[in-house]
Amino acid sequence: MRVCIASSRWAEVGKRCWDWADAQLPATGPYTLTHDAESSDVFISVLYAHLVSEEFIAKRRCFNFHPGILPQYRGAGAFSWAIINGDRQCGVTLHELDVNIDSGPIIAVERFPIEAWDTAGSLFAKGMDAIYGLFQLYFPRLLSGDYVKEPQDESKARIYYRRDLERQRDLTRYVRAF
């Protein structure tokens, strides 16, 4: 069985997850790592910046480590939005991929507090550590299918887009000016 752990080039946590998984999988075992997503049987997204098609998802088991608590923080910039929204905690979510953005069934959520001195950068660092920890805990379970999933509560769903965060950045300049 071929496993692809995909991440964007800037996602150091993706490389850490790949290296950890590579050390865990025996060379002669039933699982091998591949960089070729199309040939994979299991696809694991760790801060992968590209959407995958319905056809792609239908051909394999697909999972995503999302930097934000789902379903409240679908999309981009969850750590920034958590600060803007005045939240006291944020976190990361492991979920199955489906055809919509960050809407698949939830497998696990790791939460951590937002301290008064936290910035989006410090929350991102905490989030990457949380993703790595969840990856280590769940990687074998994702391969074996030994996990429980729950559908997301759509009444709590909110999707954030990068362009909306850019608008907030622009608004900040106006607030500072007055």
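Residues numbered from 1 in each chain as written. Predicted model: local features only at pLDDT ≥ 70, side-chain atom pairs only at ≥ 80, totals over all residues. Heavy atoms only, no water.

Remarks on the packing of helix H1 (residues 12-24) against helix H4 (residues 120-144)
Contact geometry for H1 and H4: axes closest at 10 Å, N-to-C directions at 25°. Overall, the two elements H1 and H4 adopt an arrangement that is roughly parallel. In this structure, the crossing between H1 and H4 has a hand that is right-handed. In contact with Val13, Arg16, Cys17, Trp20 and Ala21 of H1, H4 contributes Met128, Asp129, Ile131, Tyr132, Phe135, Gln136 and Phe139. Here the residues of the contact of H1 with H4 sort into nine nonpolar, one polar and two charged. (Axes fitted to C-alpha atoms, helices over the stretch in contact; angles between N-to-C directions. Helix = DSSP H or I, 4+ residues; strand = E, 2+ residues; numbered from the N terminus. Parallel < 35°, antiparallel > 145°, perpendicular 65-115°, else oblique. Left-handed = near helix turned anticlockwise from the far one by under 90°. Contact = heavy atoms within 4.5 Å. Nonpolar A, V, L, I, M, F, W, Y, C, P; charged D, E, K, R; others polar.)

Brief notes about the packing of aromatic side chains
Following the criterion strictly, the structure yields eleven aromatic pairs and no others. Here Phe43 and Tyr48 contribute two aromatic rings whose centre-to-centre distance is 5.6 Å and whose plane-to-plane angle is 75°, an arrangement assigned as edge-to-face. Ring centres of Phe79 and Phe124 lie 6.4 Å apart, and the angle between their planes is 80°; this geometry places the pair in the edge-to-face category. Pair noted here: Phe79 is in helix H3 (residues 78-84) and Phe124 is in helix H4, with a separation of 45 residues, a long-range link. Pairwise contacts between aromatic rings join Trp20, Phe65, Phe135 and Phe139 into one cluster. Lying over the aromatic face of Tyr132, Arg16 brings its terminal NZ or CZ to 3.9 Å of the ring centre. (Phe/Tyr/Trp six-rings, centres within 6.5 Å; stacked < 30°, edge-to-face > 60°. Lys NZ or Arg CZ within 6 Å of the ring centre and 35° of its normal.)

Side note on H1
The α-helix winds at 3.6 residues per turn, so residues separated by three or four positions along the chain end up facing the same way. An ideal rise of 1.5 Å per residue puts 18 Å on 13 residues; H1 measures up with 19 Å between its terminal C-alpha atoms. The complete set of buried residues in H1 reads Val13, Gly14, Cys17, Trp18, Trp20 and Ala21. The arc enclosing the buried residues of H1, seen along the axis, measures out at 165°, which places them on a common side. Exposed side of H1, more than 90 degrees from the buried face: Glu12 and Ala23 are the residues found there. (Expected span 1.5 Å × (residues − 1). Buried < 20%, exposed > 50% of the residue type's maximum accessible area, 1.4 Å probe, protein only. Arc of directions from axis to C-beta.)

Things to note about the pattern of salt bridges
Pairing between side chains of opposite charge can happen when the charged atoms of each approach one another. On inspection of all chains with the given rule, the structure shows six salt bridges. In this structure, Asp19 engages Lys15 in a salt bridge whose closest nitrogen and oxygen atoms are separated by 2.8 Å. Highlighted residues: Asp19 and Lys15, both in helix H1, separated by four residues, approximately one helical turn. For Lys126, the salt bridge is made with Asp118, and the minimal N-O distance between the two is 2.8 Å. (Salt bridge = Lys/Arg side-chain N within 4 Å of Asp/Glu carboxyl O.)

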